[in-house]
Amino acid sequence: MGGRGGSAGGPGALTTGPGQRVPGTSGRSRPKGPRHRDRRGVASGRGVTKRWRRDYGAGRARRRARKGCLAGVSAVRLCCARPHSRPVPSRRSPHFVPQAPGADGRPRATAGRPADEEVSSDSETESPLLGRRRREAAEEEVEETPQEKKLRLAKQYLEELRQLEEERAEEEEELEPADLIGDRLKEDVLEQRGRLQRLVAKDVQPPDPARIRVLRGHQLPVTCLVISPDDRFIFSASKDGSLIKWEVDSGKRLCVVPGGKKGTEERHMGHASQVLCMAISSDGKYLATGDRNKLIMIWDAATCKRLHIFTGHRDAVSGLSFRKGTHQLYSASHDRCVKVWDVAENAYVETLFGHQDIITGLDSLSRECCVTAGGRDGTVRLWKIPEESQLVFSGHQGSIDCIQLINEEHMVSGADDGSLALWGLTKKKPLALARQAHGEQEAQGLQQPLWISAVAALRNTDLLATGSHSGSVKLWKCGEGFRKLEHLLDIPLVGFVNSLKFSAAGDFLVAGIGQEHRLGRWWRIKEAKNSICIIPLKQKTTASSPEEGSPGSS
């Protein structure tokens, strides 16, 4: 009956007597009957049994560890209760030595150490000198709180103001030192609010044409220029791609970076195309220049050494400005966008969009915002960088070619329709508008207004300057509340006035002159000289006092 693996006695069965084992098998006999089931009622072979033993061993290890942790917590509690006493070893500890109780029932002290002897801590053993040094180091590591920092900066600011005004008082003995700090603080507050207006325009006298200095060095029309914050140097650039650093007092060229040919930007240190704009940081450390080849170059203003090149614009770079007191740079381009850069870190920050035509000018002050002129889209825009928003102003009929901030709340712009506009940042329309500010010219049998090609403002004052190709630079006075424009005088200059800048002290005006307009070649004035003109500004001896603008102008 049966085949392979059949019942006992069959052909394939292995039979053994009592106490005998089959050769080739283990000494442990296989369980008979149904398969063995573990405690959980699960059938288990040899592998399942091993798994159960392993799990049981792990559980026992966890129970032992938990028990050890509880013992450790008890030991910590005992040490915390008596920090200076010697812990009593457990009975299970290998260091436990049973002792016979004394007469009072307590265990006797071991030989050589009293039972209640206190063990001194590490802090008690260190020397007083070492402890004092540690305390001083800990005090130095304590960070300054925000309130303490504000107090320290305020004291530092007042001390700087005191020193500055004392130096001025030594030069001008008629001033009273007692009121200098208060007056300066008042001016700072009004300046931040955009309501500071020093009345200096009425004291400006017509300059002597013989005293106007002409500095020549560029081969092609001068397109842009800036003055260093200390009024000692002038930086100018041209359509020939060259960059020149001038000394104001002597008129000497301190540094010349010649322009190169197109395609040689990597080998040549300077620009290889027309330079359209430039800006200098408020500390005089960095100089930035932008060209038609979409490049922004950063220079060391002291040595005229190129430090970095920013790329990212898709068309000519037409406007640059550093935020006052920082190394944050704003750039505008013919690609209709504004970009923000961190010059100190050589980093790009963000891009702002909004204009519908090429951007022709840009300016900024200490607030984290900038203003731009939008060319043929006929708008002036205020860009609020943190809010990523913009305010749109309209009022010109033609292309807006130049713009300049007067203070934090007011600006001036010029257009090719000959109009000059004064703006308040809280009004969408101009506060004052002068049409045909530089007159008209006959072109193709028609009378057309002369373009306003450059504007300049003496910061926080009522003095403005405009340029065209009318043969003169005009000075203007802003009325009270910036609601009126009054023409003051003309300064004769032949050629296109492509750039204008006042010195920080207001004692001279610099004009960049060219035979052509900075953005094109619509006209050419052969009699003009491609040069830099330094115009001294005379003022009356009467001291001007700061005035606060009317409430409607804030």
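Going by the structure above, here's the rest.
The rules behind these values
- Residues numbered from 1 in each chain as written.
- Predicted model: local features only at pLDDT ≥ 70, side-chain atom pairs only at ≥ 80, totals over all residues.
- Heavy atoms only, no water.
- Pairing = 2+ DSSP bridges.
- Helix = DSSP H or I, 4+ residues; strand = E, 2+ residues; numbered from the N terminus.
- Axes fitted to C-alpha atoms, helices over the stretch in contact; angles between N-to-C directions.
- Phe/Tyr/Trp six-rings, centres within 6.5 Å; stacked < 30°, edge-to-face > 60°.
- Polar contact = N/O pair within 3.5 Å; in protein donor to acceptor, adjacent residues only side chain to side chain.
- Contact = heavy atoms within 4.5 Å.

As for the sheet that holds strand S4 (residues 222-227)
Part 1 of the reasoning: Spatial strand order, S4-S5-S6-S7: 4 strands in an open sheet with antiparallel pairing. With one partner strand each, in any of the chains shown, S4 and strand S7 (253-257) form the two edges of the open sheet. Each adjacent strand pair in this sheet contributes to an overall mean axis angle of 15 degrees, direction not counted.
Part 2 of the reasoning: Sheet topology places strand S5 (residues 233-238) next to strand S6 (residues 243-247); 5 bridges connect them, and they run antiparallel. Of the residues in S6, the one forming a bridge with Ile234 is Trp246.

Observations concerning the packing of aromatic side chains
Part 1 of the reasoning: For the coordinates displayed, the defined rule picks out 6 aromatic pairs.
Part 2 of the reasoning: Aromatic pair Trp341 and Tyr348: ring centres 5.5 Å apart, planes at 70 degrees, arrangement edge-to-face.
Part 3 of the reasoning: Taking 4.9 Å as the distance between ring centres and 75 degrees as the angle between the ring planes, the aromatic pair formed by Trp451 and Trp523 counts as edge-to-face. Here Trp523 lies in the loop between strand S31 (508-514) and strand S32 (531-536) and Trp451 lies in the loop between strand S25 (446-449) and strand S26 (454-457), a separation of 72 residues in the sequence.

A word on the side chain of Gln441
Part 1 of the reasoning: Here Gln441 lies in strand S24 (residues 440-443).
Part 2 of the reasoning: A polar side-chain atom of Gln441 sits 3.3 Å from a polar atom in the side chain of His469.
Part 3 of the reasoning: Excluding residues within four positions of it along the chain, Gln441 makes contact with Leu446, Gln447, Gln448, Leu450, His469 and Trp523.

Such coordinate-based values are descriptive only and should not be taken to indicate function.
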